[in-house]
Amino acid sequence: MRNYFINARATHWLLVVILFAIACYLPYLIFGAFPFSTTVNLPEDKIENLVKDLDLPNYYDLYSDQATAEDKLLEKQAFDSWEGGKCRFCHSLREDDRARMAPSLYRILGKPAAVGENFTYSKSLIEMRNNGLIWTPETIDAFISDPENYIPANRMRVEGIKDPETRQLIINYLIRESQ
Amino acid sequence: MDNQFGQRLSSLTSWLVLILFVIVFFNMSETPRVPTESPEREILRSFHLVMGSLLLVFSSLRVYLWMYFPPQNTQRLLPDQAYTQIHILQFMLYISFIAQGLSGIFTAWSDGLIQFLPGTDTVNHSLWVTFGYLHSVFAFFYLILIFFILLFRIYHLLKYRVISINIFA
């Protein structure tokens, strides 16, 4: 074994090192994953300051009381499925859930962008927060229709959802699950 | 352990690792397409934990055997240097399986999925993020290694007229 390591050519090991370096970068490049989390992104009082002067409605009252069981199933499928939004694969949507690959979307409507705990946001999203981006049904719709175009260099590496009906179902689901 | 028995055990372990790798590969390709919190997802995740642990155990055994019974170049036409290249990549493949397994155990541990002391809270989000990232890194690493081993095999076929489909040594 010892002789094997001694006799191995340096260039062979160099190739292994290069391949490992590429492997280290790929989870970030493909999934937008980050190797560490930031415990607190913004203190609670600063988050409140970002929205206190805005006259935002209570988005959670907007959900239709007329929604049927079938509507609710469609909303869930739009959020969950691979063919729909694929949101569930990275995001959680319950109050007591920890942020996973991506921040929890519980009561996301009416919140400024990039304020969740335990998640390392991209600089571009933090910049958008500092410029006043608030998550509303309209801004979420615009973002998920074409994430890369709406916030260039963000870390949500998914294709936009082109179907407006699917986007609306997802927004309805965000409202209903946060009520 | 005599040499012949050691070689046979090495060969058997390699095949077991190959089979386990194929199972885990299809499992990890399928799991992201199943929504979280669904019963199917839980089953796939438990299956992943069991198969991944077995892959870790047999890869460790393979590396142990490798140290005492290293694979030999049995192909006369293949120069030693070219063989060493493949040899290193194959060795690193097993190392990456072990690293993948260890990072997987720590990911599951920091997620509260496995506990070594009952009733102990092991959930730690920062650890989960870091080990989850490493788990992903090693997955990409062994996929790249397999790709390069195949690439070198094709190159050896064209240049030295040596045929071998052996990826796992």
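Residues numbered from 1 in each chain as written. Chains lettered and ligands numbered in written order. Predicted model: local features only at pLDDT ≥ 70, side-chain atom pairs only at ≥ 80, totals over all residues.

### Points about the overall build of chain A
So, step 1. Along its length, chain A carries eight helices and zero strands.
So, step 2. Its helices and strands taken in sequence order, chain A reads α-α-α-α-α-α-α-α from the N to the C terminus.
So, step 3. Relative to a compact globule of 179 residues, whose C-alpha radius of gyration would be 16 Å, chain A shows 21 Å and is clearly more extended.
So, step 4. Principal axes of the C-alpha set define a box for chain A whose edges measure 75 × 40 × 30 Å.
So, step 5. If you take every contact in chain A between residues at least 6 apart in sequence, the share linking residues at least 24 apart comes to 60%. (Helix = DSSP H or I, 4+ residues; strand = E, 2+ residues; numbered from the N terminus. Rg over C-alpha atoms; globule rule 2.2 N^0.38 Å. Contact = placed C-beta atoms within 7 Å.)

### Structural notes on the confidence of the model for chain B
So, step 1. A residue-level look at chain B finds 99% of positions with pLDDT of 70 or above and a mean pLDDT of 90.
So, step 2. Listed scores for the predicted complex are pTM 0.86 and ipTM 0.90. (pLDDT = per-residue confidence, 0-100.)

### Here we look at the nonpolar core
So, step 1. With 34 residues, the main nonpolar core has Val17, Leu55, Leu93, Val137, Phe141, Tyr142 and Leu145 of chain B as its most contacted residues.
So, step 2. Elements supplying a minimum of two residues to this core: helix 2 (10-31) of chain A together with helix 1 (3-30), helix 2 (39-68), helix 3 (80-110) and helix 4 (125-160) of chain B.
So, step 3. Looking at this core, the element that brings in the most residues is helix 4 of chain B, giving 13 residues.
So, step 4. With residues near it in sequence (within four places) discarded, Leu145 of chain B still touches Leu19 of chain A together with Leu89, Met92, Leu93 and Ser96 of chain B.
So, step 5. In terms of nonpolar packing, the next biggest core, distinct from the first, is built from 21 residues, Ala114, Val115, Tyr121 and Leu174 of chain A among them. (Core = buried A, V, L, I, M, F, W, Y, C linked by C-beta atoms within 7 Å. Buried ≥ 20, exposed ≤ 12 C-beta atoms within 10 Å, placed from the backbone.)

### A look at the packing of helix 3 of chain B against helix 4 of chain B
The packing of two helices is summarised by the inter-axis angle and the distance between the axes.
Residues and elements named next belong to chain B.
So, step 1. Relative orientation of the contacting elements helix 3 and helix 4 amounts to 160 degrees, with a least axis distance of 8 Å. With respect to each other, helix 3 and helix 4 are oriented roughly antiparallel. With respect to the hand of their crossing, helix 3 and helix 4 are arranged in left-handed fashion.
So, step 2. Of the residues in the contact of helix 3 with helix 4, the class split is 22 nonpolar, 11 polar and no charged. (Axes fitted to C-alpha atoms, helices over the stretch in contact; angles between N-to-C directions. Parallel < 35°, antiparallel > 145°, perpendicular 65-115°, else oblique. Left-handed = near helix turned anticlockwise from the far one by under 90°. Nonpolar A, V, L, I, M, F, W, Y, C, P; charged D, E, K, R; others polar.)

### Observations regarding the interface of chain B and chain A
Many authors give the size of an interface as the accessible area that is lost as the parts come together.
So, step 1. If you look at the interface, chain B gives 23 residues, while chain A gives 25 residues.
So, step 2. The element that contributes the greatest number of residues to the side of chain B that touches chain A is helix 4 of chain B, accounting for 12 residues.

### Here's the deal with helix 4 (residues 69-80) of chain A
So, step 1. End to end, helix 4 of chain A covers 16 Å across 12 residues, agreeing with the expected 16 Å (1.5 Å per residue, within 8%).
So, step 2. Turning to helix 4 of chain A, the residues buried within the fold contact helix 8 (164-178) of chain A. (Expected span 1.5 Å × (residues − 1).)

### A few points about unusual backbone geometry
Residues and elements named next belong to chain A.
So, step 1. Residue Ala114 is not a glycine yet carries a positive backbone phi of 55 degrees.
So, step 2. By the element assignment, Ala114 lies in the loop between helix 4 and helix 5 (123-130).
So, step 3. The phi torsion at Ala153 lies on the positive side, around 70 degrees, for a residue other than glycine.
So, step 4. You can call Ala153 exposed: it has 10 C-beta atoms within 10 Å.

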